[in-house]
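What follows is each chain in one-letter form.
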Amino acid sequence: MGGEGFQMHRLAQRLFPICRSITGDGVRASLRILQEILQEDGIDLKMHEIPSGEKCFDWTIPEEWNINDAYILDQAGKKIVNFKNNNLHVVSYSEPVDKILTLQELDEHLYSRPDLPDAIPYVTSYYRRHWGFCLSHEQRCSLPDGQYRAVIDSTLAPGSLTYADLIIPGSTNREVMISTYVCHPSMANNELSGPVVATYLAKWLSSRSDRRYTYRFVFVPETIGSIAYVSRHLLQLKQHVIAGFNVTCVGDERTYSYLPSRLGRTLSDRVALHVLRHRAPGFKAYSFLDRGSDERQYCAPGVDLPIASVMRSKYAAYPEYHTSKDDLTFVTPAGLQGGYEMLKECLEVIEAEATYRSTVLCEPQLGKRGLYSSLGTRDIEKSVLMRTDVLCYCDGDHSLLDIADILGVPQKDLRSFATELLDHGLIEFCEERGGRGQGL
Amino acid sequence: MGGEGFQMHRLAQRLFPICRSITGDGVRASLRILQEILQEDGIDLKMHEIPSGEKCFDWTIPEEWNINDAYILDQAGKKIVNFKNNNLHVVSYSEPVDKILTLQELDEHLYSRPDLPDAIPYVTSYYRRHWGFCLSHEQRCSLPDGQYRAVIDSTLAPGSLTYADLIIPGSTNREVMISTYVCHPSMANNELSGPVVATYLAKWLSSRSDRRYTYRFVFVPETIGSIAYVSRHLLQLKQHVIAGFNVTCVGDERTYSYLPSRLGRTLSDRVALHVLRHRAPGFKAYSFLDRGSDERQYCAPGVDLPIASVMRSKYAAYPEYHTSKDDLTFVTPAGLQGGYEMLKECLEVIEAEATYRSTVLCEPQLGKRGLYSSLGTRDIEKSVLMRTDVLCYCDGDHSLLDIADILGVPQKDLRSFATELLDHGLIEFCEERGGRGQGL
Amino acid sequence: MGGEGFQMHRLAQRLFPICRSITGDGVRASLRILQEILQEDGIDLKMHEIPSGEKCFDWTIPEEWNINDAYILDQAGKKIVNFKNNNLHVVSYSEPVDKILTLQELDEHLYSRPDLPDAIPYVTSYYRRHWGFCLSHEQRCSLPDGQYRAVIDSTLAPGSLTYADLIIPGSTNREVMISTYVCHPSMANNELSGPVVATYLAKWLSSRSDRRYTYRFVFVPETIGSIAYVSRHLLQLKQHVIAGFNVTCVGDERTYSYLPSRLGRTLSDRVALHVLRHRAPGFKAYSFLDRGSDERQYCAPGVDLPIASVMRSKYAAYPEYHTSKDDLTFVTPAGLQGGYEMLKECLEVIEAEATYRSTVLCEPQLGKRGLYSSLGTRDIEKSVLMRTDVLCYCDGDHSLLDIADILGVPQKDLRSFATELLDHGLIEFCEERGGRGQGL
């Protein structure tokens, strides 16, 4: 396992206790930590604020929510539910409250999961004024009759929505976009795995000297954040983005998953499937009907950015999802490392993707260049055959990924052949083909 | 079961005894009964006559055939075969005859079915002068040697071929065409089920106030009638017909069947398969190579109208076919009701077929319109998800049927979502796409 | 079995002892024998010489190699390996040598096959100066220590490369190309089956009076010969060749095989698969990745001639390949006959391939032309149905091969229907469609 797994897990540990929501200081505090980590490599993560009330397509930036404390006191004055112990205890965007209630009255503001009796569920109420507490079903069932005091010390007021982005320039202005979200409180797979893996992908990319593409990383609150981001950058994104991934749920060890773009036919889809088939053949392929994250916005009709998802256990498809059990024991260094490497290879495939054309008619004489066995016997080495196979599909029509799929091998196994054939002048780059962004 | 089944069966009972052929008074009498039934709903079934000798493409309208009586007398003068008992006893288009013959001579004019020894077969000789009798194989085998008198009191003389059509106008001049045939004597599935179901479909359509398409119903003698009809209306049909069905064999209870258009790629094919897959998943799908009715003309090269067939037991695929056993015990009210409803749903799918385009970029905020749950919990209602699924494929490219197929549900389950989204201004109609005739 | 099998086997017997290589008098002697056989039918096989040193794309014609004798003498002066016994004993293109060596020194120039211990392997060293002997592994292991004398009486000197071609003209200048190779010494399936079957295909074609296509037969040394041929005729080939086959390995009795053109979508591919599916349903279908003969040149990017291979046991896929065991017991008259007939049928399918258009709208009245039963009973003859099926796909879009594939029958079963319908004026030829070269 590479060292990134441990580093990413440590970063997730720092971020874990912060109470994030779609707006507020929790988001800012989290992004500042990512800024610090990225600054180590000279990468400038820029934070942006959009004021409450601003229109973004069909939506309006909501009031900003912040919270100091929240608890339920029992008749004896004991804090039986305490936000300071676990920020999932409060329904996100709860309005301030300080009330004495009977158990029956209180119960209307309580949320638990009978099917997961020892877990605290995660509940939000962003767009309808409401307050509530989440607790384990076991605890809820054990509450005695009597009077309770419910206190939420929160503010809901005009402020702003915070997001961040960074650009790692390449030799062309065509872009690969990585989006992840920062709006969930203490949960690990469905939230923190995303920003930490994205952060380490940015660090790796900035260390590469030979980037062909420009990389755009976007850290936004889910849904409202990606809508706001698209509304502010639509033309730029439509013009330049040739591929991209929504990075979420990339930290557990159970499985790998793929969720396509809306029509499933983008370069990102092909690359994700290619990499997963070779590196994780048992991966689970979802339909776009199973979507649930920012691909809902990026792939909406008319937006239709080439964004697919390569995940480990997909949101809403593992029991711990949206509960206190989605924690940093479920997400592990090895799990994060796996998610990181799978996405890294996707980006490497995109960087290496190109279409070549043979420069000679008929087969070139490889032997005189030391690229073919001089003695004609029955057996030819496998690598020699693979070289001739690559060459014979360098026809200006098949990309390196197409050729890899014809040969049934990972694209990365063919890169050295392409380089070698280029070096010998036997193939040349072709102009772009089909908007896939090959060649230079 | 809807009441139409019984009404259709009663209508079939009225039509059953009439001796129809490809020309003659039997056709006229049958069409007049349909006229009467359609007139109840103010629908005007127009009858047309084409004189014998008129050229229709490669064919010529034959002489008109009429028959008063026909029988075989045995040596004792007893009517052992009697047209008045069953009009299948006479080979259709038999020329007049009155002859004394030996059994051996007579036998050359007898037709029976050894494989179905108690059934009277149905035989025709439209284009070669001939006469003959059909009888059960049992009876044929029991005929004693001796002299017989064969009498056919028929006329074959210049006259005309009769057909009928009706138009139910819609809000566009694009047409859906329903064709059925009226040329078989007393047989129920392969003949009467067609005109009676077509008649009740016309009655149902005329009762709808919101027809988008114009409906053309055609009642013709098979083959020569459809050829004549096409020859007189080719340009009109090619310009306007966007879908249609040949209605035949829709009255028994055994199964459902589908026979495609010649290339199998028309709207009618897609709709028929969609409806059958959801309503009758065990249906039998035939090839165009199994054709045998008027799709032979409507789908001929150069004609190529979008005509498919949705049937119950297909002609030539059930033992009773073309015999006296294809009667009104084989065809039942429930069987007719099933055929009627399957075709009705096909027409409803065509009426509802449209392509929409989302009016907002990214997802609209459904919550503020009461179309989404305000509380973010793990579970979202299925109907809410289906609404967002419809919305996300309203991209100006996928029709409602395409979306239904993506979602794996009947198109009818999506119509209320489309209406609701239209009402909220979240989607809009698109211009026609691919000649499918959507939008207005 | 047709008589050609025996004639082809006898011709192979004459050619077998000649020591062929990619240049030299062995090739010339072999081609002169083919010239003689073809002359019997008035076919003019033209021989051509390309001087050593001439450039052909990326290649240079090598020096010419000729050999008189070669042997290894043991210490007692006994010829233990003798070229005169089997010309496989010498590595092809061995430079002249006359040396005394120890067994250890000699061993570096010996080639044997441990996996096939009683076979003499076939080894070449065309483009690196080298000499060597091939012998059975059994013999090699039994060689005692001691001194040996290795003698190769060969010449490697400027000369020329020899190839031959012939043209059998048809009524159009569009061409079908048959290529085969003449550069292997005494081996039967992987060499002689090719030129002898090609020769007899030329004889058969020249006897046909009704050739639509012009046939180009090419006899070349493999690789360098086909490269040279393409370099001299590229424009002509690209303009005129509509289909073709590389004829190799068509003489044993084990199996049938197919190797596609590079993209697998040419007329040759369709025809080969069609014929093999009907005549040899258990045939083995290879991928272009399994290529190894002159399709490497003919199908190279930019050349992309429509050349596929229909073989019996494919080169490199049978144990005898490239050894002394690939002899005229492995290749038999029946094996050659099978290869010949399969290719003959491919050529017949290509000759008969055409696209027709119905001349009437709706179905024509076949009955009045005696092409349909006059009596309408339940059963229609199969051949009548097939006639109407052919007719209904004569739409100017489906070729006879397309129709055969729709009907699931060999194209040859439909030719008489097409002729008959043409004769009755019911269909007419269409202009070419999709470059397939139909019609006239």
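The rules we used
- Residues numbered from 1 in each chain as written.
- Chains lettered and ligands numbered in written order.
- Predicted model: local features only at pLDDT ≥ 70, side-chain atom pairs only at ≥ 80, totals over all residues.
- Heavy atoms only, no water.
- Core = buried A, V, L, I, M, F, W, Y, C linked by side-chain atoms within 4.5 Å.
- Buried < 20%, exposed > 50% of the residue type's maximum accessible area, 1.4 Å probe, protein only.
- Helix = DSSP H or I, 4+ residues; strand = E, 2+ residues; numbered from the N terminus.
- Pairing = 2+ DSSP bridges.
- Contact = heavy atoms within 4.5 Å.
- Axes fitted to C-alpha atoms, helices over the stretch in contact; angles between N-to-C directions.
- Buried area = accessible area lost by both parts, 1.4 Å probe.
- Salt bridge = Lys/Arg side-chain N within 4 Å of Asp/Glu carboxyl O.
- Nonpolar A, V, L, I, M, F, W, Y, C, P; charged D, E, K, R; others polar.
- Parallel < 35°, antiparallel > 145°, perpendicular 65-115°, else oblique.
- Left-handed = near helix turned anticlockwise from the far one by under 90°.
- Phe/Tyr/Trp six-rings, centres within 6.5 Å; stacked < 30°, edge-to-face > 60°.

Participant: Honestly, the nonpolar core in this entry has me stumped. Any pointers?
Facilitator: In globular proteins that are soluble, nonpolar side chains generally tend to be buried together. Residues A:Leu414, C:Phe133, C:Phe217, C:Phe219 and C:Phe245 are the most contacted members of the largest nonpolar core, which totals 152 residues. In terms of residues, this core owes the most to one element, helix H5 (residues 188-207) of chain C, which gives 10 residues. Counting 150 residues, the second-largest nonpolar core is a separate cluster that includes A:Val81, A:Phe83, A:Leu88 and B:Met386.

Participant: So what exactly am I meant to see when it comes to the sheet that holds strand E16 (residues 307-311) of chain B here?
Facilitator: Within a beta sheet, neighbouring strands are joined by backbone hydrogen bonds and run either parallel or antiparallel to one another. Residue and element names in this part refer to chain B. Read from one edge to the other, the open sheet built from eight strands follows the order E1-E10-E12-E11-E13-E16-E14-E15, with strand pairing classed as mixed. Strands at the two margins of the open sheet, each flanked by one partner only, are strand E1 (46-51) and strand E15 (284-285). In this sheet, strand E12 (residues 214-220) lies alongside strand E10 (residues 160-168) in antiparallel orientation, the contact comprising five bridges. Within E12, the residue paired with Ala164 across the bridge is Phe219. Sitting on the sheet, helix H6 (residues 224-240) touches E1, E10, strand E11 (175-181), E12 and strand E13 (241-246), and the angle it makes with E12 is about 165°. Contacts between helix H9 (residues 333-352) and the sheet are confined to E11, E12, E13 and E16, with E13 contributing the most and set at about 175° to the helix.

Participant: Mind showing me how you'd approach the interface of chain C and chain A here?
Facilitator: When the parts of a complex come together, some accessible area is lost, and that lost area is often used as the size of the interface. Counting from both sides, the interface comprises 30 residues of chain C and, opposite them, 25 residues of chain A. Each partner contributes to the roughly 2300 Å² buried at the junction of chain C and chain A, and carbon and sulfur atoms together form 52% of this total. Applying the counting criterion to the chain C and chain A interface returns five salt bridges. C:Arg262 is the partner of A:Asp395 in a salt bridge, and the nearest nitrogen-oxygen pair spans 2.8 Å. Mapped by element, the contributors of at least two residues to the side of chain C that touches chain A are helix H6 (224-240) and helix H8 (295-298) of chain C. The element that contributes the greatest number of residues to the side of chain C that touches chain A is H6(C), accounting for three residues. Partitioning the side of chain C that touches chain A into residue classes produces 19 nonpolar, five polar and six charged.

Participant: What is the right way to look at the packing of helix H1 (residues 4-15) of chain B against H9(B) in this model?
Facilitator: To characterise two packed helices, one gives the angle between the axes of the helices and the distance between these axes. Residue and element names in this part refer to chain B. Interaxial distance between H1 and H9 falls to 8 Å at its minimum, and their mutual angle equals 110°. When the axes of H1 and H9 are compared, the pair comes out roughly perpendicular. Crossing of H1 against H9: the hand is right-handed. Mapping the contact onto sequence places Glu4, Gly5, Phe6, Met8 and His9 in H1 and Pro333, Leu336, Gln337 and Tyr340 in H9. Here the residues of the contact of H1 with H9 are counted per class, giving five nonpolar, three polar and one charged.

Participant: Which parts of the structure should I look at to understand the interface of chain A and chain B?
Facilitator: Every contact between the two is made by 30 residues of chain A and, on the other side, 25 residues of chain B. Across the chain A/chain B interface, buried area totals approximately 2400 Å², and carbon plus sulfur atoms make up 52% of it. Of all residues in chain A, A:Asp58, A:Leu289 and A:Pro301 bury the most surface against chain B, accounting for 26% of the area lost on that side. A:Arg291 is paired through a salt bridge with B:Asp389; the nearest N and O atoms lie 2.7 Å apart.

Participant: Help me understand the packing of helix H7 (residues 267-279) of chain A against helix H11 (residues 400-407) of chain A, please; the structure alone is not making it clear to me.
Facilitator: Residues and elements named next belong to chain A. For the pair H7 and H11, interaxial distance at closest approach is 12 Å and the crossing angle is 35°. When you trace H7 past H11, the crossing you get is left-handed. Taking contact as the criterion, the partners of Arg270, Val271 and His274 in H7 are, on H11, Leu401, Asp402, Ala404 and Asp405. Of the residues assigned to the contact of H7 with H11, the class counts are three nonpolar, one polar and three charged.

Participant: How should the packing of aromatic side chains be read in this particular structure?
Facilitator: How two aromatic rings sit relative to each other is given by the distance of their centres and the angle of their planes. Under the defined criterion, the tally for this structure stands at 30 aromatic pairs over all chains. On the basis of an interplanar angle of 85° and a centroid distance of 5.4 Å, the ring pair of A:Tyr93 and A:Tyr126 is categorised as edge-to-face. In this pair, A:Tyr93 sits in the loop between strand E5 (79-82) and strand E6 (97-102) while A:Tyr126 sits in the loop between strand E7 (110-111) and strand E8 (133-134), placing the two residues 33 residues apart along the sequence. For A:Tyr93, a relative accessible area of 2% puts it in the buried group. Assessed through its relative accessible area of 18%, A:Tyr126 is described here as buried. Plain terms: the ring middles of B:Tyr163 and B:Tyr229 are 5.5 Å apart, the flat faces sit at 90° to each other, and that makes the pair edge-to-face.

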